Amino acid sequence: MSNAITLVQFKGEARADSRLLAKQLGNQHKNSMDLIERYAAKFKRFGHLPFQTEVGKRVQGGGKAERFALLNEDQCYFLLSLSRNTDIVVDLKADLIAAFREARDHARVTDAQYLPLYHAMHDEVAALSQRARECGSNTPERMFHINANKALNAVMGIASGERGTLTIEQRLLLTTLQAVYRNQLHASLEHGDDHREAGRKAKAAVLAYMTSAGALLLGGRAA
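Now for a look at the structure at hand. A quick note: this is a predicted structure, and the numbers were derived from the prediction, not measured.

On to the pattern of salt bridges. One pass over the structure, following the stated rule, counts 11 salt bridges. Measuring nitrogen to oxygen at the nearest pair gives 3.4 Å for the salt bridge that ties Arg131 to Glu134. Taken as a pair, Arg131 and Glu134 lie in helix 5 (residues 87-134) at a separation of 3 residues, close to a single helical turn. Residue classification places Arg131 among the buried residues on the basis of a relative accessible area of 19%. The exposure class of Glu134 is exposed, given its relative accessible area of 54%.

Printed below as a string of structure tokens:
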């Protein structure tokens, strides 16, 4: 049995796919889902119990929608407690402990980097709004902050509200893009650019970074 457990992010929280757990246990996923649904109220004592649906692919085309659950750490252990304590179950418990511990360690690192750079970027956006007022603009400051977030989301290819689902690699990239956006804004404002030119240059800077180093961080190739 492999000791590699791949977790997914769901609204900023590490989760395990019930299909993967069933596979690691050597069980049919249907049997695991039967347990989860039968004891759903107990699973919910340990946190939100999200269900997802994915359409599987068949050779002849089409596919049957498969329902699965995304379990947090405590819910995983509760599911395993419903199984006999075989060597496979013991091994899986150990692998889950390691996987969730690694996810927590990564989250601590990215949070320590993400939040300071997020605030630093928006401090610079506030300065951009001030420059706009000096140029005669009546646009509310909050719109500059909204547009800055939209610009980064667009470069990342994510929709509003999806930042909580980012992988560790994507979150690290977003953190770096915030620094790039902030640094370019600062340089433009220091140079004396108006708000439109400063915003344009900041967007161009993050796009240029994304097509080079950003692609490498996500496992692709630089353009």
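All right, on to the environment of His195 then. Of note, His195 is situated in helix 8 (residues 195-217). Using a relative accessible area of 9% as the deciding quantity, one classes His195 as buried. Sequence separation of His195 and Val125 is 70 residues, and the distance between their C-alpha atoms is 9.8 Å. If we skip the residues at most four places from it in the chain, His195 touches Leu128, Arg131, Ala132, Cys135, Ser137 and Phe144.

For the rest of this paragraph, the subject is the layout of surface pockets. Computed from the structure, the largest pocket encloses a volume of approximately 330 Å³. Leu7, Val8, Gln9, Ala103 and Ile168 are the residues nearest the centre of the largest pocket, which is lined by 14 residues in total. For the lining of the largest pocket, the element with the highest residue contribution is helix 5, accounting for 4 residues. Tallied by class, the residues present in the lining of the largest pocket amount to 7 nonpolar, 5 polar and 2 charged. Approximately 240 Å³ is the volume found for the second largest pocket. Taken together, 15 residues make up the lining of the second largest pocket; nearest its centre are Gln9, Gly12, Glu13, Ala14 and Ala107. Of all the secondary-structure elements, those providing two or more residues to the lining of the second largest pocket are strand 2 (13-17), helix 5 and helix 7 (168-191). With 6 residues, the top contributor of residues to the lining of the second largest pocket is helix 5. Partitioning the lining of the second largest pocket into residue classes produces 6 nonpolar, 4 polar and 5 charged. In terms of domain composition, the lining of the second largest pocket takes at least three residues from each of domain 1 (7-83) and domain 2 (107-218).

In this section: helix 1 (residues 18-25). Every buried residue belonging to helix 1 is among Ser18, Leu21, Ala22, Gln24 and Leu25, and all of these are buried. End-on, the buried residues of helix 1 take up no more than an arc of 165°, which puts them together on one face. Looking one or two residues past helix 1, Gly26 carries a phi angle of roughly 75°, positive in sign.

The subject of this paragraph is the packing of helix 1 against helix 2 (residues 29-38). Contact pair helix 1 / helix 2: the axes reach a minimum separation of 8 Å and the direction vectors enclose 120°. One way to sum up the angle between helix 1 and helix 2 is to call them oblique. The handedness of the crossing between helix 1 and helix 2 comes out as right-handed. Here helix 1 contributes Ser18, Arg19 and Ala22 to the contact with helix 2, which in turn contributes His29, Ser32, Met33 and Ile36. Residues belonging to the contact of helix 1 with helix 2 are distributed by class as follows: 3 nonpolar, 3 polar and 1 charged.

A word on the side chain of Ser32. Summarising the element assignment, Ser32 is placed in helix 2. The buried category is assigned to Ser32, whose relative accessible area is 4%. Those residues in contact with Ser32 that lie beyond four places of it in its chain are Ala22, Asn27 and Leu79.

All right, on to the nonpolar core then. Nonpolar side chains in soluble globular proteins tend to end up buried together. Residues Leu152, Met156, Leu177, Tyr181, Leu185 and Val206 are the most contacted members of the largest nonpolar core, which totals 25 residues. Going through the elements one at a time, helix 5, helix 6 (141-156), helix 7 and helix 8 are the ones with two or more residues in this core. Of the residues forming this core, the biggest block, 7 residues, is contributed by helix 7. For Met156, the contacting residues outside a window of four places in its chain are Leu166, Gln170, Leu173, Leu174, Leu177 and Met210.

Rules and cut-offs
Residues numbered from 1 in each chain as written. Predicted model: local features only at pLDDT ≥ 70, side-chain atom pairs only at ≥ 80, totals over all residues. Heavy atoms only, no water. Salt bridge = Lys/Arg side-chain N within 4 Å of Asp/Glu carboxyl O. Helix = DSSP H or I, 4+ residues; strand = E, 2+ residues; numbered from the N terminus. Buried < 20%, exposed > 50% of the residue type's maximum accessible area, 1.4 Å probe, protein only. Contact = heavy atoms within 4.5 Å. 1 Å grid on protein atoms, 1.4 Å probe; cavity = no way out; pocket = protein on both sides within 12 Å on 5 of 7 lines; lining within 4 Å. Points joined across faces, edges and corners; volume = space filled by probe spheres on them. Nonpolar A, V, L, I, M, F, W, Y, C, P; charged D, E, K, R; others polar. Domains from an automatic or database assignment. Arc of directions from axis to C-beta. Axes fitted to C-alpha atoms, helices over the stretch in contact; angles between N-to-C directions. Parallel < 35°, antiparallel > 145°, perpendicular 65-115°, else oblique. Left-handed = near helix turned anticlockwise from the far one by under 90°. Core = buried A, V, L, I, M, F, W, Y, C linked by side-chain atoms within 4.5 Å.

These figures come from the coordinates and say nothing about function on their own.
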